[in-house]
Amino acid sequence: EEDVEVASVTTSPSRPSKLRRHRKLKALLLSKYDSVWNTTVALGWTPYTADQPGGSKYNVCWSDTSVSLERIMKMGRIQKINHFPGMLELVRKAGTARNLNKMLGAIGKDYKFYPQTFMLPADYTALKQEWTNGKNHGNKTFIIKPSKGCQGTGIQLTRCLDDISPHEPNIVQRYLHRPHLLEGFKYDLRIYVLLSSVQPLRIFLFKEGLVRVCTQKYAPLEKNMSDVRMHLTNYAINKGSEAFVQPEDDTECSDAHKRTVSSLMRTLEEDGHDTKKLWEQIGQVCVKTIISVKPHLQHTYFTCRGRSEDAGSGCFELLGFDIMMDSKLRPFLLEVNHSPSFTCDSPLDLAVKSAVLKSTMELVSFSKEEY
Ligand SMILES: Nc1ncnc2c1ncn2[C@@H]1O[C@H](COP(=O)(O)OP(=O)(O)O)[C@@H](O)[C@H]1O
Ligand SMILES: [Mg+2]
């Protein structure tokens, strides 16, 4: 019943897109990523650095980090920036947890795609209660994540409440101990989602994304809970392993530790799984997650931008959803990233990320009607 527009995007880096708008745009790039620079150039846009004269007259600004409210307030009618004000409410681990827990309480089972999560220190008493009174108590594994962590740093698994400090600002989450495996290895998905407007809520789901596979076989036991390359799928954690195999390219990746989502879907299909249903469920996870912060995003956006002053939406955001499936192939949300990495360490990275960037930039460039 939500007022949401959702579309899927099939990226094709080689063919020119029908959506291409033949205008030379000025892009202010506050970005360290070559792929961001190269994509703007490939689109025929003119890239500017922060200290280059003329940069403030940009049509599109791309920043690797979130931007100040002041910058958003100062934007002209036909300027766009790649972050929404108020997005931290969704992309910080504590924000995701707060909003999805609220939805679970209000709506119920439709929000069960997020593992049970406690925000410390506030939820410590509830966590303690869950530990002692919950069904199957003492036998559950929890994953502790620093609230502002990324790339798997500082993450720890535990079955012992004493390992968890009541005072630190951590996220403590039920560990999904029966993940779906690829040849015995745990993996997760990086799904790219473009939010191009909050009123109406307009969401694009990229059909191509990344699959990140662990480098140590999954055989969970109490004694190997600290083997991060068995339990954490982050590229930053696994790339240093001797076992790590970089993909040759985006078509030859079925034995590599980084694969494309389309290659994963082919493998699952060969194993007899219903990938159409899976993809639908993944899309629902992404959309429902964004809906959980819709009022907040709308409120913050219209606080910064008067309702009539924008031609179209002045902000957009390319989000990276971390999604993992359990052994029954049910997708779960692990976290949402507002600055997904655009580092390209392999031809596969380059193919997937450039295509996502290119489609994003095309989708957000103003059409004639918006002037
Ligand atoms: N609840 C969970 N159950 C099982 N594995 C998890 C869970 N949460 C995180 N992980 C694993 O840990 C990795 C890192 O967690 P994530 O929440 O994405 O934090 P980070 O910001 O450090 O990437 C995930 O990619 C996944 O492999
Ligand atoms: Mg992550």
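It should be emphasised that the depicted structure is a prediction, and the values quoted were computed from it without experimental measurement.

Peer 1: What is the right way to read the site of ligand 1 from this model?
Peer 2: What surrounds ligand 1 is a group of 23 residues, the closest being K93, K145, G152, T233 and E335. Interatomic distance of 2.9 Å between a backbone N/O atom of R174 and a nitrogen atom of ligand 1. Protein chains shield 99% of the accessible area of ligand 1, which is 550 Å² for the free molecule. Considered class by class, the residues forming the shell around ligand 1 number nine nonpolar, seven polar and seven charged.

Peer 1: Even after reading the chapter, I still don't get the side chain of S31, so can you show me in this structure?
Peer 2: Along the chain, S31 turns up in the loop between strand 2 (26–30) and helix 1 (34–42). Apart from residues no more than four positions distant in its own chain, S31 is found in contact with V36, W37, W62 and D64.

Peer 1: Teacher, can you tell me more about the coordination of the magnesium ion (ligand 2) here?
Peer 2: For a metal with four tetrahedral donors the ideal donor-metal-donor angle is 109.5 degrees, whereas six octahedral donors ideally subtend 90 or 180 degrees. The magnesium ion (ligand 2) binds to the protein through D322 (OD) and E335 (OE); the donor distances cover 2.0 to 2.1 Å. Of this pair, D322 sits in strand 15 (residues 317–325) while E335 sits in strand 16 (residues 331–337), placing them 13 residues apart in sequence. A relative accessible area of 12% means that E335 is categorised as buried.

Peer 1: I would appreciate a short explanation of unusual backbone geometry in the present structure.
Peer 2: Phi is mostly negative for residues that are not glycine, and the peptide bonds are mostly trans. Here the bond from L120 into P121 is cis, since omega is 5°, no more than 30 degrees from zero. In this structure, P121 sits in the loop between strand 6 (117–119) and helix 5 (124–133). The peptide bond linking Q199 to P200 adopts the cis configuration, its omega dihedral lying at 0°. Note on placement: P200 falls in the loop between strand 11 (185–198) and strand 12 (201–206). A positive phi angle, near 55°, is found at Q151, a position not held by glycine. Here Q151 lies in the loop between strand 7 (142–146) and strand 8 (156–158). In this model, E183 sits at a positive phi of 50°, which is unusual for a non-glycine residue. Along the chain, the position of E183 falls in the loop between strand 10 (181–182) and strand 11.

Reading the values: the criteria
- Residues numbered from 1 in each chain as written.
- Chains lettered and ligands numbered in written order.
- Predicted model: local features only at pLDDT ≥ 70, side-chain atom pairs only at ≥ 80, totals over all residues.
- Heavy atoms only, no water.
- Near = heavy atom within 4 Å.
- Polar contact = N/O pair within 3.5 Å; in protein donor to acceptor, adjacent residues only side chain to side chain.
- Areas by Shrake-Rupley, 256 points an atom, 1.4 Å probe, with all protein chains shown as cover.
- Nonpolar A, V, L, I, M, F, W, Y, C, P; charged D, E, K, R; others polar.
- Helix = DSSP H or I, 4+ residues; strand = E, 2+ residues; numbered from the N terminus.
- Contact = heavy atoms within 4.5 Å.
- Donors = N, O, S within 2.8 Å, 3.2 Å for Na, K, Ca; no water.
- Buried < 20%, exposed > 50% of the residue type's maximum accessible area, 1.4 Å probe, protein only.

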